[in-house]
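Working through the structure, step by step
Residue-level listing of the chains:
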Amino acid sequence: MKFNLKNTIKAFFLMVAVLAQVKCSSSSDPVENPPVDPVVNPPVVVTKDVDFWLTKGNQSALLEKQTVTLGFGTTANAYANIEVNAAQKYQTIDGFGYTLTGGSVDVINQLNATKRTALLQELFGSGENSIGVSYIRISIGASDLNAIPFTYNDLATGQADLNLDKFSLEKDKNLIAMLKEILAINPKILILATPWSAPIWMKDVASFKGGKLKTEYYDVYAKYFVKYIQQMKAEGITIDAVTPQNEPLHDGNNPSMYMSATDQASFIKNSLGPAFKAANLNVKIIAYDHNCDNPNYPKTILADTDAFPFVDGSAFHLYAGDISALTEVYNSYPTKNVYFTEQWTSSDGKFEGDLKWHLRNVIIGSMRNYSRNALEWNLANNSSFGPHTDGGCNMCKGAITITSGDSFERNVAYYIIAHASKFVPMGSTRIESNSGGNLQNVAFITPSGSKVLIVENDGSATETFNIKFNGKWVTTSLEAGSVGTYTWK
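The paragraphs below set out a description of the structure included in this document. (Residues numbered from 1 in each chain as written. Predicted model: local features only at pLDDT ≥ 70, side-chain atom pairs only at ≥ 80, totals over all residues. Heavy atoms only, no water.)

Observations concerning the packing of aromatic side chains
Applying the stated rule across the entire model yields 25 aromatic pairs. A centroid spacing of 6.5 Å and a plane angle of 85° characterise the contact between F96 and F444, whose relative ring orientation is edge-to-face. Taken together, the residues F96 in strand β4 (residues 95–99) and F444 in strand β18 (residues 439–445) connect sequence positions 348 residues apart. For the pair F96 and F444, a shared accessibility class is recorded, and that class is buried. Ring pairs connect the aromatic residues F150, Y152, F167, Y218, Y221, Y224, F225, Y228 and F267, which therefore count as one cluster. Directly above the ring of Y90 sits R430, whose terminal nitrogen or CZ lies 4.0 Å from the centroid. One residue, R430, lies across the ring of Y370, its end atom 5.4 Å from the ring centre. (Phe/Tyr/Trp six-rings, centres within 6.5 Å; stacked < 30°, edge-to-face > 60°. Helix = DSSP H or I, 4+ residues; strand = E, 2+ residues; numbered from the N terminus. Buried < 20%, exposed > 50% of the residue type's maximum accessible area, 1.4 Å probe, protein only. Lys NZ or Arg CZ within 6 Å of the ring centre and 35° of its normal.)

Considerations on the packing of helix α3 (residues 113–124) against helix α4 (residues 173–185)
The interhelical angle for the contact between α3 and α4, taken along N-to-C directions, is 55°, at an axis separation of 10 Å. With respect to α4, the element α3 is oriented oblique. Between α3 and α4 lies a crossing whose hand is right-handed. Between α3, through R116, L120, Q121 and F124, and α4, the contact on the second element is made entirely by M178, E181, I182 and I185. (Axes fitted to C-alpha atoms, helices over the stretch in contact; angles between N-to-C directions. Parallel < 35°, antiparallel > 145°, perpendicular 65-115°, else oblique. Left-handed = near helix turned anticlockwise from the far one by under 90°. Contact = heavy atoms within 4.5 Å.)

Remarks on the sheet that holds strand β13 (residues 380–382)
Strand order in this open sheet of 3 strands is β13-β15-β16, and the pairing throughout is mixed. With partners counted over all chains shown, the strands left at the sheet margins are β13 and β16 (407–410), one partner each. Across the sheet, the axes of successive neighbouring strands diverge by a mean angle of 30°, strand direction being ignored. Bridge count for strand β15 (residues 400–404) against β16 is 4 bridges, and the pairing is antiparallel. From the neighbouring strand, S404 faces β16, where its bridge partner is S407. (Pairing = 2+ DSSP bridges.)

A word on the nonpolar core
For soluble globular proteins, the rule of thumb is that nonpolar side chains tend to be buried together. Residues Y228 and I239 are the most contacted members of the largest nonpolar core, which totals 111 residues. Setting aside anything within four residues of it in sequence, one finds I239 in contact with I138, I191, A193, Y228, I229, M232 and V283. Grouped together as the second largest cluster of nonpolar side chains are 21 residues, I82, A443, L453 and W488 included. (Core = buried A, V, L, I, M, F, W, Y, C linked by side-chain atoms within 4.5 Å.)

Some words on the environment of Y221
Within the fold, Y221 resides in helix α5 (residues 218–234). Its relative accessible area of 0% is what places Y221 among the buried residues. For the pair Y221 and M202, spaced 19 residues apart in the sequence, the C-alpha separation amounts to 7.8 Å. With residues near it in sequence (within four places) discarded, Y221 still touches P195, S197, A198, P199, M202, L213, P244, M257 and F267.

A short note on the sheet that holds strand β17 (residues 429–433)
Spatially, 9 strands are ordered β2-β1-β22-β19-β18-β17-β3-β20-β21 in an open sheet, and the strand pairing comes out mixed. In this open sheet, the two strands that pair with only one neighbour each are β2 (64–65) and β21 (472–478). With 2 bridges joining them, strand β1 (residues 51–55) and β2 adopt antiparallel strand pairing. Along β2, the bridge assignment pairs L54 with E64.

Brief notes about the side chain of N381
With respect to the helices and strands, N381 occurs in strand β13. A polar side-chain atom of N381 sits 2.3 Å from the main-chain amide nitrogen of G398. Of note is the side chain of N381, whose polar atom sits 3.4 Å from the side chain of T401. Contacts of N381, omitting those with residues within four sequence positions, involve V107, G386, C396, K397, G398, I400, T401 and I402. (Polar contact = N/O pair within 3.5 Å; in protein donor to acceptor, adjacent residues only side chain to side chain.)

Next up, the structure:
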């Protein structure tokens, strides 16, 4: 065998290198900075592309911004996708909010000046600690969540005031004062105004409760609306829209008034619409304002060729029926808008159940069925769920409970609205997102170009899923009964 000195030397040094490597790997001394080959083992860099706010049904997180890093990538997994498509656009959004009842004003005014100012800023401001409410509903005269019923033209029995000389907003001076404060915080907020009853002297019963508007007073009542809008404008308050009657098929409330679909069509086409036109009022008339179980009511009004030009759209509540009624009416009259204007949370409701139901129906459901807004019912109450009229709702839980002069509580309706209002400003547009299974969702693009996805886990177990956008995705999860709002540029 021929001896090769060169090969022997190479083998010797190779053995030394191997022994040195074994010694290093068996050493108990830690290696603080092991070498990394940037080509073979490139460092993993995860960017935070998506912000995430969470509310859990068990209240352990309440509109809490999460610190988890969510970055878009392309690593495949087997989770379900919620795919957001900004190219497919639907309705423009007017806003999210509550009804500012007279009772809400009364209890908010019981806070000391510092707390009161802070609460209004939190509700209606646009800062980091605000929820950006952008749409409010108010009553024309009293609702059942005022301490007592009233209108702006209450007369002694047997009297009439055809020229409305005794019309006065004085009984709502506290509401008007608070509206001015809100407008100073958010000058662009939209206001919808709704009567619970006409003045008693215009009705066929001598009561705030029930009865119908007499046909001989249709024109006078239309002037009542005009005078209301004009005097509110003189106070610096612009009314964006009105509905002719709150819950026109529910005449058992105090106050209330019955108005059939044909009667409302007649009132709009013969009196209210022409009165607005004559007064040069650019105020929307929105029909119906009642439950989803009777889509034929607004369809009857829109089918009236003389009423049709005066009507901007239809408004809905969901104490009966299904939220898909909005799409039924929209599809029948696609040039007319639909709105969601009221849903209450009850004093005996559970946070988790109300959070799930209202997010699924009032927020996600109304938006996926073409609504331009979504409103919960009363903004605030006291610890006894008042004030309210005699016979008015004594179980309506506001978004806020005023507990003393220097404290208040945020209830489930606060978080229901906040998960949308804080992130989806007026002028946003709903965009396409696929929905199915337990992950109920809706997506938007804001005027600044941000994307917003609201997801509610309607199931009984944690769901892990991908949010897919422009060919990339982030993976996230929601516990059962939880709601997440996700935003990205």
